[in-house]
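Given next are the chains, with one letter for each unit.
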Amino acid sequence: GRKPKKVGRLPGDTLTTTDVFNNVPGIGISRGLPKLPQVEYERKRRYREYEQMDEYPEIGAALDIYADDSTQKNITGFVFEIKADNELTKEAVEDFLDTVRAGEFIWDIVRNVCKYGDCFIENIVDLNNPDAGIQRIKVLNPNYLSRVENQYGYLKNFLQELPDPKTRYTPDPNYGTAGHTGTGKFIELDKEQIVHFRTHTSDPNYYPYGKSILAAGIRAWKSLKLMEDAMLIYRLARAPERRVFYVDVGNLPTSKIEMYMERLKQKFKKEKFWDPSTGSISERYNPLSTDEDFFVPTRAKSGTKIETLPGAQNLGETDDVKYFRDKLLAALKVPK
């Protein structure tokens, strides 16, 4: 007949910070901007990096491979294979997937989960006829969604930031809440209203969100970009052959040497072109071509001569770039 002892919060689970959203831990509004926990700031920063990585050909192709392999159709032509003891249940699930056109969205869902580690889907119902159930689904931008859990790690609801319709999506490193220009206003979404797909991980740096398959390759991708840029700059600067013009200026006074050299440059650097108005070949000065060559005035009867400086001889050496590319592909777990 004894009453069970009421168990309160565990000391390790108790949080002292509260906000205006029904005591949601760590989320609040300060000067019109959302104040989010550090994990939210880090997540938006990672999302910006993943979006930049997706523009890289190898990474974009890897994400496509993940999505393609995960959404192969079975022998009957369907992406989903429903297994149930009751045939009526199976038909109801198949009808639901057809109604919301899940087969059309699943490729994007899988790709976003691989890319971001998260994908948020909104279940949309007809408010005038809620008994009809979910009518369609909509893929939401993960930059605007936040997952809200209570102090024990159970999902309470979701918060969606309202984007500013007057501005475009512009990543701002100084405004790390969402990596975009938002209004700083949140709306509460019921936990049954959103389906949160995520690659679940116990890594505290990502919890309660998923860990992207790109996470392990961020450093290799940045190094690869730097190596490719350095290789491209080296080729543009060192690849062309250059000529050295040693011009005998004789006894010309120093004040006239510069003028004489400029006239000589124009003489050597005229390019021939076809003039359709006159029907003949004409010449015009090409000032850019002189940037590659060197004109050196000389004296003491050295005579005028021209030498050719060879271009870079090691343009085929790309082992350093291949090294970081192989590291990136290893992180993505896709074959070369």
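Each remark here, short or long, concerns the structure printed above.
Calculation rules
- Residues numbered from 1 in each chain as written.
- Predicted model: local features only at pLDDT ≥ 70, side-chain atom pairs only at ≥ 80, totals over all residues.
- Heavy atoms only, no water.
- Axes fitted to C-alpha atoms, helices over the stretch in contact; angles between N-to-C directions.
- Helix = DSSP H or I, 4+ residues; strand = E, 2+ residues; numbered from the N terminus.
- Parallel < 35°, antiparallel > 145°, perpendicular 65-115°, else oblique.
- Left-handed = near helix turned anticlockwise from the far one by under 90°.
- Contact = heavy atoms within 4.5 Å.
- Nonpolar A, V, L, I, M, F, W, Y, C, P; charged D, E, K, R; others polar.
- Phe/Tyr/Trp six-rings, centres within 6.5 Å; stacked < 30°, edge-to-face > 60°.
- Buried < 20%, exposed > 50% of the residue type's maximum accessible area, 1.4 Å probe, protein only.
- Lys NZ or Arg CZ within 6 Å of the ring centre and 35° of its normal.
- 1 Å grid on protein atoms, 1.4 Å probe; cavity = no way out; pocket = protein on both sides within 12 Å on 5 of 7 lines; lining within 4 Å.
- Points joined across faces, edges and corners; volume = space filled by probe spheres on them.
- Expected span 1.5 Å × (residues − 1).
- Arc of directions from axis to C-beta.
- Pairing = 2+ DSSP bridges.
- Salt bridge = Lys/Arg side-chain N within 4 Å of Asp/Glu carboxyl O.
- Core = buried A, V, L, I, M, F, W, Y, C linked by side-chain atoms within 4.5 Å.

*Asks:* Go over the packing of helix α2 (residues 57-70) against helix α4 (residues 102-116), please, and point to the residues and values.
*Replies:* The relative placement of two packed helices comes down to the angle between their axes together with the axis-to-axis distance. The N-to-C vectors of α2 and α4 enclose an angle of 130°; their axes lie 9 Å apart at closest approach. Classed by the angle they form, the pair α2 and α4 counts as oblique. Every pair of crossing elements has a handedness; the one defined by α2 and α4 is right-handed. Here α2 contributes Gly60, Leu63, Asp64, Tyr66, Ala67, Asp68 and Ser70 to the contact with α4, which in turn contributes Trp107, Val110, Arg111, Cys114 and Lys115. Considered class by class, the residues forming the contact of α2 with α4 number six nonpolar, two polar and four charged.

*Asks:* Requested: an account of the packing of aromatic side chains, with residues and values cited.
*Replies:* All chains considered together, the criterion is met by three aromatic pairs. Seen from their ring centres, Phe120 and Phe158 are 6.0 Å apart, and the 80° between their planes marks the pair as edge-to-face. Remark: Phe158 occurs in strand β6 (residues 155-163) and Phe120 occurs in strand β3 (residues 118-125); sequence separation between them is 38 residues. In this structure Phe158 comes out as buried when scored by relative accessible area, which is 0%. Note that Arg43 overlies the ring of Tyr209, its terminal NZ or CZ placed 3.9 Å from the centroid.

*Asks:* Just give me the short version of the layout of surface pockets, but keep the residues and values in it.
*Replies:* Each pocket or cavity is described by its volume, and for the largest pocket that value is around 370 Å³. Looking at the largest pocket, it is lined by 18 residues, and the ones nearest its centre are Phe78, Val79, Phe80, Glu94 and Asp98. Elements with a contribution of two residues or more to the lining of the largest pocket: α3 (87-99) and α4. With four residues, α3 is the single largest residue contributor to the lining of the largest pocket. Its residues placed into classes, the lining of the largest pocket shows seven nonpolar, four polar and seven charged.

*Asks:* Pulling in residues and values, what's your account of helix α5 (residues 218-238)?
*Replies:* Across its 21 residues, α5 extends 30 Å between first and last C-alpha, which sits within 8% of the 30 Å expected from 1.5 Å per residue. Taken as a whole, α5 has its buried residues at Ile218, Ala220, Trp221 and Leu224. Along the axis of α5, the buried positions cluster into a sector of 155°, meaning they face one direction only. Of the residues in α5, the exposed ones pointing more than 90 degrees away from the buried face are Arg219, Leu226, Ile233 and Arg238.

*Asks:* Give me the lowdown on the sheet that holds β3, citing residues and values where you can.
*Replies:* In space, the three strands of this open sheet follow the order β4-β3-β8, with antiparallel pairing throughout. Edge positions in the sheet fall to β4 (134-140) and β8 (194-198), since each has one partner strand and no second. In this sheet, adjacent strand axes meet at a mean angle of 25° when their direction is disregarded. Where β3 and β4 come together, six bridges link them in antiparallel fashion.

*Asks:* Can you explain the pairing of β3? Please cite residues and give values.
*Replies:* Extensive coverage of β3 is indicated by the burial of seven of its eight residues. The sheet contact formed by β3 and β8 spans five bridges and is antiparallel. Looking at the pairing, Glu122 lines up with Ile194 of β8.

*Asks:* Quick one: what's the story with the side chain of Asn112, residue by residue and with numbers?
*Replies:* Within the secondary structure layout, Asn112 lies in helix α4. Setting aside residues no more than four positions away along its own chain, Asn112 makes contact with Gly117, Asp118, Cys119 and Val139.

*Asks:* Any chance you could break down the pattern of salt bridges for me, citing the residues and the numbers?
*Replies:* All told, the structure shown has ten salt bridges when counted by the stated rule. Arg147 serves as the salt-bridge partner of Glu149, at 2.9 Å between the closest nitrogen and oxygen. With respect to burial, Glu149 and Arg147 carry one shared label: buried. Where salt bridges share partners, they join Glu42, Arg45, Glu49 and Lys222 into one cluster.

*Asks:* Explain the nonpolar core residue by residue, including any values.
*Replies:* Among the nonpolar cores identified, the biggest contains 25 residues, and Tyr50, Met53, Ile59, Leu214, Leu328 and Leu332 are the most heavily contacted of them. Taken together, the elements giving at least two residues each to this core come down to α1 (38-54), α2, α4, α5 and α7 (319-332). The dominant element in this core, judged by the number of residues it contributes, is α7, at five residues. Setting aside chain neighbours within four positions, we find Tyr50 in contact with Lys115, Tyr116, Tyr206, Ser212, Leu214, Ala215 and Ile218. One finds Val100, Phe105, Cys119 and Ile121 within the second-largest nonpolar core, a separate group that totals ten residues.

*Asks:* Could you give an account of α7, with specific residues and numbers?
*Replies:* Taking 1.5 Å per residue as the helical rise, α7 with its 14 residues ought to reach 20 Å, and the 20 Å between its terminal C-alpha atoms agrees with that figure. Looking only at α7, the buried set comprises Val321, Phe324, Leu328, Leu329, Ala331 and Leu332. What you see down the axis of α7 is that its buried residues fit within an arc of 155°, all on one side. Facing away from the buried surface of α7 by more than 90 degrees, the exposed residues are Asp319 and Ala330. In this fold, the buried residues of α7 make contact with α2 and α5. At the C-terminal side of α7, Lys333 shows a positive phi close to 60°.

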